[in-house]
Amino acid sequence: FSGILNNKDFSSTNPQISSFLNTLDSAAEEKRLIASAELSEADTQAAMELVTLPGTAGARLEDLCLHFVFNPSSRVYGYTEHELKPGGSNIPLTLHNVEEFCDLTRTFCLETGISRQLESFEAGFTRVFPLSNLRIFTPEECRLLLCGEMSPDWSRDDILQFTK
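Quick caveat: nothing in here was measured; it's all calculated off a predicted structure.

## Notes on the side chain of Asn-97
- By the element assignment, Asn-97 lies in the loop between strand E2 (82-83) and helix H4 (98-110).
- Aside from chain neighbours lying at most four places away, what touches Asn-97 is Phe-68, Ile-91 and Pro-92.

Given below as structure tokens:
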């Protein structure tokens, strides 16, 4: 199921986590700009020490005390935490590994973390309607068949006719 969902889907399904990762992306971009500047090693290191998270009162990434672990907001997923990489609970999030943390978190939320649910959905759906039969439809037609019209244009007469 890799590559089915993208960052737009992530923003829709996990707006708080997506917003937080976007903040981390901003810090990572600032880090890249500093690294690409023609500064001495000491000046580069000093500039990196001054990188703070946007929208905070000068909080540095390391001040968050985060590790390479994903903690879901609910126990409905069947786990209380998931290491994003082996030994992740012992790997602190720093400015030097922030890109990897963001990539692993997004991959977990959009792929590996929901693979069981997607596999179950596929198995159940296939029992009712073989997926091979869907090939005759475009993705937009499949969405319309499965979800219906998202913004129907109902008139007063339509409502009266269909609610008798």
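## Some points on the nonpolar core
- Among the nonpolar cores identified, the biggest contains 21 residues, and Leu-24, Leu-61, Val-98 and Phe-101 are the most heavily contacted of them.
- Of all elements in the fold, only helix H2 (15-36) and H4 reach the threshold of two or more residues within this core.
- Setting aside its immediate chain neighbours within four residues, Leu-24 contacts Leu-53, Leu-61, Leu-93, Val-98, Phe-101 and Cys-102.

## Brief notes about the side chain of Ser-18
- With respect to the helices, strands and loops of the structure, Ser-18 is situated in helix H2.
- Apart from residues no more than four positions distant in its own chain, Ser-18 is found in contact with Phe-10 and Ser-11.

## Some thoughts on the environment of Ala-59
- Position of Ala-59 among the secondary structure elements: in the loop between helix H3 (41-49) and strand E1 (69-70).
- Between the C-alpha atoms of Ala-59 and Glu-122, which are 63 residues apart in sequence, the distance is 44 Å.
- Ignoring any residue separated from it by four or fewer positions in sequence, one finds Ala-59 in contact with Thr-52 and Leu-53.

## What to know about unusual backbone geometry
- With phi around 55°, Cys-65 is a residue other than glycine that occupies positive phi space.
- Structurally, the position occupied by Cys-65 is in the loop between H3 and E1.
- The exposure class of Cys-65 is exposed, given its relative accessible area of 62%.

## Examining the packing of H2 against H3
- Across the interface, H2 lies against H3 with an axial gap of 9 Å and an inter-helix angle of 165°. Classified by the angle their axes make, H2 and H3 are roughly antiparallel. Seen along the crossing, H2 lies across H3 with a hand that is right-handed. Residues Lys-31, Ile-34 and Ala-35 of H2 lie in contact with H3, whose contacting residues are Thr-44, Ala-47 and Met-48.
- Of the residues contributing to the contact of H2 with H3, the split by class is 4 nonpolar, 1 polar and 1 charged.

## Concerning the confidence of the model for the protein
- Taken residue by residue, the protein gives an average pLDDT of 89. The fraction at 70 or more is 98%.
- Per-element mean pLDDT across the protein ranges from 85 in helix H7 (residues 156-162) up to 95 in E1.

Conventions used here
Residues numbered from 1 in each chain as written. Predicted model: local features only at pLDDT ≥ 70, side-chain atom pairs only at ≥ 80, totals over all residues. Heavy atoms only, no water. Helix = DSSP H or I, 4+ residues; strand = E, 2+ residues; numbered from the N terminus. Contact = heavy atoms within 4.5 Å. Core = buried A, V, L, I, M, F, W, Y, C linked by side-chain atoms within 4.5 Å. Buried < 20%, exposed > 50% of the residue type's maximum accessible area, 1.4 Å probe, protein only. Axes fitted to C-alpha atoms, helices over the stretch in contact; angles between N-to-C directions. Parallel < 35°, antiparallel > 145°, perpendicular 65-115°, else oblique. Left-handed = near helix turned anticlockwise from the far one by under 90°. Nonpolar A, V, L, I, M, F, W, Y, C, P; charged D, E, K, R; others polar. pLDDT = per-residue confidence, 0-100.

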